[in-house]
Structures are given as C-alpha cells and as structure tokens.
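Analysis of the macromolecular model
Read off the chains here:
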Amino acid sequence: ADEIMKHPSVPLAIPYEILDNLPEEPGVYIFYGDDRTPLYIGKSVNIHDRVMDHLSNTAFGTDQKMAMLAKNIEYIETAGELSALLLESAMIKDLKPLYNKKDRYARKLIGLKKIKDKKGYLTVKSCEITEITIEDLTDIVGVFKSERQMKNFLSDAVDNHKLCARILGTEKLGKNCFNFRLSKCLGACSGLEKPVRYNIRFIEAFYQNSIKNWPFRGAIMIHEKEEIEENHLFDKWCYLGSMTKNGFEKKEYRFDYDTYRIVSRYVLNRKNWGNIKEINAEKMIENEGFV
C-alpha cells in the first residue's frame, strides 16, 4: 500500500523507476516530452519531493499537461539552492521549455535609465534590458515586464512624489504639465522649482526599483556545499564563473537581470555572509580556477 501511495495516480509514460531514483537533494529537474522536447525546468532543495508535487497536483493546469505529455524526467544535482537557481535560470534561457511561461518575457524586459535634461532635471529614457552594459548599472532606475507596467509606475511616481509628467516624458504637449495647473506639480516644467530640490524627490521615487549598488570593493566568491561542493564568482552582479570538482567553467562577463535578482537576494541576506569571500577575480580566471 505504501508503494502505491507514493506514486502519482494519473496515467504516466514515465517508468516508476525514474521517479523512485530521483534524489532528495538540491538541484534542477527537466521534464521532457516526445523527441526530448523540454516541457518544464524547475529547481528545488529536494528534487524528488518537488517533482512528486508536480505529478500529484494534476487536476488542472500546467501540471496536468506536463504529466500527460512527459516521457522522461532528468535532473542535475547542485551544491545548494543558489547553485540550483543559477543553473535553472541559464537552462531556461538555453532550452526555452514549453511551460516556463514566467520566463518567456525575459528578453522583452524594459529598463528605465536615469539621465539629465538640458536644464539639469533628472528624467528617464527607456531601453531594452539586453542592451544594458555594466557601466550603465548605476543609472538603471527601473525594470519592467511591459510598457503598461512601466507607464503605471511613472504615473504613480508623478502622483506620489509630485514629479513633473512633462519632464518625465509622459506628457508631450504644452509648456507646463497638467498637474501644474492643479497645483500638484511644484513647477519644474516652468523653472519655478530648482533642479536640486526636484532631483531629490526623483531619487526617492525611483530608489526601490533601482539596480542596487554593488556592495563590495571588487569581485566575490560564494561557497556552497552539501553533498556537492561548488564555488561561484561574481563581480558587479555579473556571473563570472563556477568551480566544481569537474573544473572551472567561465561565463561571459555581462549583466543579466535574472542573475542580478538571484545574487542580490543572496548577498543582502545576513545569514549568507559567512559563505561570501572577496577575491582577486583576474588571478582566479587566469589560473582557470579558485586559489
């Protein structure tokens, strides 16, 4: 009876041996359909339990479709949750699985870059997130999934921080913005409010959505170890490489927003500080490993 209960009740083309052999360790798992079509990629601190959750939650929705289409499940064990998150993000971008809908917009994210106009007032211009360079990072004051989300944020910034819609570019016509006539804008569009006072409110309005400053003097190494040991190298939120018993894997030195979100949550969490070490990145990459 116990053996029956631990297996999903829906019809599966996946042999029970595969399910039984899934490890109770951190890592990434991949559901495959016909012709090894990637259906879904996920991560967990316990691969076995998470996969069984998918296959037990099949009354409707994505899990039901995956259970009916899946022909195989493969996995890659990692040293911990951070390693799993980084690997999951990279594999989703590479394999583009059918049911990872939340990541389909990854290349369509819109960034807002902070600039100054000719009169010294801070404003923004939009850019594609894939165009952001490492040098741009301190000027990125917002990242959005859609133009509508971006416009709603700008509208809230205007209303809540008395910013000028004319300066922000959300209003195009007229010398003064509409809110100035309602006494809700302090007159930056007409020069009545000086740039220094206006710019302080701009910074306040955009602070929470801004790309955070890199909190270290240089590059860092993050160490993870459970059944597997892994080290990750980062600089200015960019993933430079990883080291396992199989050797050093160098990454392209570029900004990736998903990596930023993963690593910023990790390094800003006090409980993880004991796993972080500042290092000489150039020396380590030159030696093709960590020393």
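In short, a report on the structure. Source: prediction; values computed, not measured.

Quick notes on the rules
Residues numbered from 1 in each chain as written. Predicted model: local features only at pLDDT ≥ 70, side-chain atom pairs only at ≥ 80, totals over all residues. Heavy atoms only, no water. Core = buried A, V, L, I, M, F, W, Y, C linked by side-chain atoms within 4.5 Å. Buried < 20%, exposed > 50% of the residue type's maximum accessible area, 1.4 Å probe, protein only. Helix = DSSP H or I, 4+ residues; strand = E, 2+ residues; numbered from the N terminus. Pairing = 2+ DSSP bridges. Axes fitted to C-alpha atoms, helices over the stretch in contact; angles between N-to-C directions. Parallel < 35°, antiparallel > 145°, perpendicular 65-115°, else oblique. Contact = heavy atoms within 4.5 Å. Nonpolar A, V, L, I, M, F, W, Y, C, P; charged D, E, K, R; others polar.

Observations regarding the nonpolar core
- Membership of the largest hydrophobic core comes to 28 residues, with the highest contact counts inside it found for Ile211, Trp237, Phe255 and Val267.
- Mapped onto this core, the elements with two or more residues apiece are α5 (81-95), β6 (140-144), β7 (220-225), β9 (238-244) and α10 (257-267).
- Element by element, the count of residues in this core is highest for α10, at 6 residues.

Examining the sheet that holds strand β3 (residues 72-77)
- If you trace the 3 strands from one edge of the open sheet to the other, you get β2-β1-β3, paired in antiparallel fashion. Single-partner strands in this sheet number two, and they are β2 (38-44) and β3. If you compare each strand with its neighbour and ignore which way they point, the axes differ by 20° on average.
- Judged from the 6 bridges that link them, strand β1 (residues 27-32) and β3 form a sheet pairing that is antiparallel. The partner of Tyr29 across the bridge, within β3, is Tyr75.

Things to note about the packing of α5 against α10
- In the contact formed by α5 and α10, the axes pass within 10 Å of each other and the chain directions differ by 175°. Considering the angle they form, α5 stands roughly antiparallel to α10. Every residue of α10 that contacts α5 at Leu82, Leu85, Leu86, Ser89 and Lys93 is listed here: Asp258, Thr259, Ile262, Val263 and Tyr266.
- Across the contact of α5 with α10, the residue classes tally to 6 nonpolar, 2 polar and 2 charged.

None of the figures reported here should be taken as evidence of function without further support.
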